[in-house]
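# Descriptive analysis of the structure
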Amino acid sequence: DISKIKIGAFYNDELVGVMTFGNLRLALGSRYKKDTYELIRFATKTSVIGLASKMLTYFINKYNPEKIISYADRRWTSSKNNLYEKIGFSFVHSTEPNYWYINEKKLDCRIHRFVFRKSELKKKLDLFDPKLSEWQNMQLNGYTRIWDCGNLKYEMNFNKK
């Protein structure tokens with residue numbers, strides 16, 4: 001991803017884990033807040049017990065955040081026995097399902113709806129009619145919507161005094 005902070009974990013000179021952080025994302029309805037970060041990705045090549053906690057602790061010690069938020073895709077994560085709570089995050093709420101676009105000619109490419117908000121359509125689509133809705137313009141250009149299952153939102157807050 002294009003996160004501004006990328007932390008890697010190595011074992012025998014081999015990258016075995018990555019955790020990335022960035023500012024809150026406008027596409028998810030958030031606005032920039034000083035000292036507030038989003039944990040955007042955590043991935044490992046193999047299971048390493050305690051790695052997520054160690055990487056998160058490193059980030060906290062280096063960047064001294066006031067708050068960290070993260071989202072877990074409900075397609076892959078349940079609210080029970082998940083990594084977020086094991087490493088100190090608190091469950092906030094479940095988000096509503098939302099949609100993505102796919103092009104009928106390129107079904108393997110899912111595009112976030114934020115890319116195609118109505119104010120951007122004229123620049124992005126071959127055919128655009130300002131009298132039509134976002135959805136109608138997208139259909140006119142060979143796109144269809146697919147729906148996700150929503151997300152689980154988590155937060156970690158730090159009292160800075």
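Look above for the structure.
In this report, the structure presented in the accompanying data block is examined. Computed from a prediction, not measured in an experiment: that's the story for all the values here.

## Examining the pairing of strand β1 (residues 5–11)
In the sheet, β1 pairs with strand β2 (residues 14–22) via 7 bridges, with the strands oriented antiparallel. Each residue of the ladder has a partner; that of F10, found in β2, is L15. Turn length for the β1-β2 hairpin, with the two strands adjacent in sequence and antiparallel, is 2 residues, and the turn residue N12 shows positive phi of about 50°.

## Looking at helix α1 (residues 51–63)
Relative to the 18 Å expected for 13 residues at 1.5 Å per residue, α1 spans 18 Å between its end C-alpha atoms, a close match to the ideal helical length. One or two residues past the end of α1 sits N64, with phi positive at roughly 50°.

## Thoughts on the sheet that holds strand β4 (residues 67–73)
The strand order β1-β2-β3-β4-β9-β5 describes an open sheet built from 6 strands, whose pairing is mixed. Of all the strands in the sheet, the pair left with one neighbour each is β1 and β5 (90–94). The average angle at which neighbouring strand axes cross in this sheet is 30°, direction not considered. Sheet topology note: the β4/strand β9 (residues 151–157) ladder contains 7 bridges and is antiparallel.

## Structural notes on the packing of aromatic side chains
How two aromatic rings sit relative to each other is given by the distance of their centres and the angle of their planes. Within this structure, the stated rule accounts for 13 aromatic pairs. Ring geometry for Y99 and W147: centres 5.3 Å apart, planes at 65°, overall edge-to-face. Of this pair, Y99 sits in strand β6 (residues 99–103) while W147 sits in strand β8 (residues 143–147), and the two are 48 residues apart along the sequence. With a centroid separation of 5.7 Å and 85° between ring planes, the pair formed by Y101 and F116 is classed as edge-to-face. Highlighted residues: Y101 in strand β6 and F116 in the loop between β7 (106–112) and α3 (121–124), separated in sequence by 15 residues. The exposure classification of Y101 matches that of F116, with both residues buried. In textbook terms, an aromatic cluster arises when at least three aromatic residues are bridged by ring pairs, as seen for Y99, Y101, F116, W135, Y143 and W147.

Quick notes on the rules
Each chain carries its own residue numbering, running from 1 in the written order of its sequence. Residue-level local features of this predicted model are given only where pLDDT is at least 70; pairs of side-chain atoms are given and counted only at 80 or more, and the full residue set underlies all totals for whole chains, interfaces and linings. As a rule here, side-chain values cover all heavy atoms of the structure and leave hydrogens and water aside. Pairing between two strands requires that DSSP report at least two bridges joining them. Per the convention used, a helix needs a DSSP run of H or I reaching at least four residues, while a strand needs a run of E reaching at least two, with both numbered from the N terminus. What a helix should span is 1.5 Å times the count of its residues minus one. Helix axes are fitted only over the stretch in contact, all axes being lines through C-alpha atoms; the angle between N-to-C directions runs from 0 to 180 degrees. Here a Phe, Tyr or Trp ring, Trp counted by its six-membered ring, pairs with any other such ring whose centre lies within 6.5 Å, and the pair is stacked when the planes are under 30 degrees apart, edge-to-face when over 60, and tilted otherwise. In this scheme, a residue with accessible area under 20% of its type's maximum is buried, one over 50% is exposed, and one in between is partly exposed, where area comes from a 1.4 Å probe on protein chains only.

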